[in-house]
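Each chain is listed here by its residues.
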Amino acid sequence: MADIKAQPFAFPARPDQLALIVIDMQRDFAEPGGFGASLGNDVSRITRIIPDVKRLIEGFREAGLPVIHTMECHKPDLSDLPPAKRNRGAPTLRIGDDGPMGRILIAGEAGTAILAELAPVEGEIVIEKPGKGAFYATELGDILKARGISQLVFAGVTTEVCVQTTMREANDRGYECLLAEEATESYFPEFKDAAIAMIRAQGGIVGWTSHVDDILEAIGHA
Ligand code: C5J
């Protein structure tokens, strides 16, 4: 596989160690009536990236490379939801409350599901995570280790919250991380721009950033 054109410099891709992680492309963040909307956000910003996330997922599938999905969600009894998390956010509709798509961010509820266009196919790993980072209180680290994966391409939402948190967790654990710019989004354009800038600043202090077309071109030759 060719190196992937990226910033701050080319990403040295190794196809036998590379996986795509799609963070939290859930109805709760992308549709009216969900968690994101309950916080007063314009969720249409999230749905706009669906075609680019889909292209990336399909490219990885076609290249025979692993696709891992994450979902931010909590147990129905809320035993994995610290009061410090539940008690912030919208005063009227909090995590665990009944919303138009079921209980907000609770495993198994309709609103918690991954968007139909981006749904995992059989055999793909889905990590249910109670935190913003996908390594905290999940089996993700063990799964990656068992498969010999050391390089992660990131897509999903939101750029500065769950995507960036997971990239920082991964970076500290020794993974080489690349963020696909058109395949991630924030409710706040300025936060997306700032997150991208801080990830690749200082010689790639958290990782690399790249464009979906450049990633697809490189993995097409895997
Ligand atoms: C947030 C996420 N923004 N998936 N979650 O609360 O980024």
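Residues numbered from 1 in each chain as written. Predicted model: local features only at pLDDT ≥ 70, side-chain atom pairs only at ≥ 80, totals over all residues. Heavy atoms only, no water.

Looking up the protein in an unreviewed UniProt entry gives the name Cysteine hydrolase, with the organism given as Rhizobium altiplani.

Draft legend 1. Structural view of helix α9 (residues 212-219). The buried count for α9 comes to six of eight residues, which makes it a mostly enclosed element. All of the buried residues along α9 are Val212, Asp214, Ile215, Leu216, Ala218 and Ile219. Tucked inside the fold, the buried residues of α9 contact β1 (18-23), α4 (50-62), β6 (151-157), β7 (176-185) and β8 (208-210). (Buried < 20%, exposed > 50% of the residue type's maximum accessible area, 1.4 Å probe, protein only. Helix = DSSP H or I, 4+ residues; strand = E, 2+ residues; numbered from the N terminus. Contact = heavy atoms within 4.5 Å.)

Draft legend 2. The packing of aromatic side chains, seen in detail. Counted under the stated rule, the structure contains five aromatic pairs. When the centroid spacing of 4.9 Å and the interplanar angle of 90° are considered together, the rings of Phe11 and Trp208 count as edge-to-face. Residue Phe11 is located in the segment before β1, and its partner Trp208 is located in strand β8; the two are separated by 197 residues in the primary sequence. The interplanar angle of 85° and the centroid separation of 6.0 Å between the aromatic rings of Phe29 and Phe35 together place this pair among those described as edge-to-face. Its relative accessible area of 6% is what places Phe29 among the buried residues. Chaining the aromatic ring pairs together yields one cluster made of Phe9, Phe11 and Trp208. (Phe/Tyr/Trp six-rings, centres within 6.5 Å; stacked < 30°, edge-to-face > 60°.)

Draft legend 3. Structural context of the sheet that holds strand β5 (residues 125-129). Overall, parallel pairing links the six strands, which are arranged β5-β2-β1-β6-β7-β8 in an open sheet. Only two strands of the sheet have a single partner each, and these edge strands are β5 and β8. Strand after strand, the sheet turns through a mean of 25° between neighbouring axes, direction not considered. Strand direction decides the pairing type here: β7 and β8, joined by three bridges, are parallel. Paired with Ala180 across the two strands is Ser210, which belongs to β8. (Pairing = 2+ DSSP bridges. Axes fitted to C-alpha atoms, helices over the stretch in contact; angles between N-to-C directions.)

Draft legend 4. Focus on the pairing of strand β2 (residues 67-72). Counting buried residues along β2, six of its six residues qualify, which places the element largely inside the surrounding structure. The side-chain alternation of β2 yields two buried faces, one formed by Val67, His69 and Met71 and the other by Ile68, Thr70 and Glu72. Across five bridges, the pairing between β2 and β5 is parallel. Bridge assignment links Thr70 to a residue of β5, and that residue is Ile127.

Draft legend 5. The environment of Ala116, seen in detail. Within the secondary structure, Ala116 is located in the loop between β4 (102-103) and β5. Taking the C-alpha atoms as reference, Ala116 lies 24 Å from His211; in sequence the two are 95 residues apart.

Draft legend 6. How the structure looks around the side chain of Glu124. In this fold, Glu124 is placed in the loop between β4 and β5. Of note is the side chain of Glu124, whose polar atom sits 2.7 Å from the side chain of Arg61. A distance of 2.7 Å separates polar atoms of two side chains, one belonging to Glu124 and the other to His69. Beyond its immediate stretch of four places on either side in the chain, Glu124 contacts Arg61, Val67 and His69. (Polar contact = N/O pair within 3.5 Å; in protein donor to acceptor, adjacent residues only side chain to side chain.)

Draft legend 7. Just the UniProt feature "domain: Isochorismatase-like" (unreviewed entry) in the protein, in detail. The residues that UniProt annotates with the feature "domain: Isochorismatase-like" (unreviewed entry) are residues 19-206. End C-alpha atoms of residues 19-206 are separated by 17 Å, and the span's content is 36% helix alongside 20% strand. (UniProt positions renumbered as here; feature names shortened; annotations may be inferred.)

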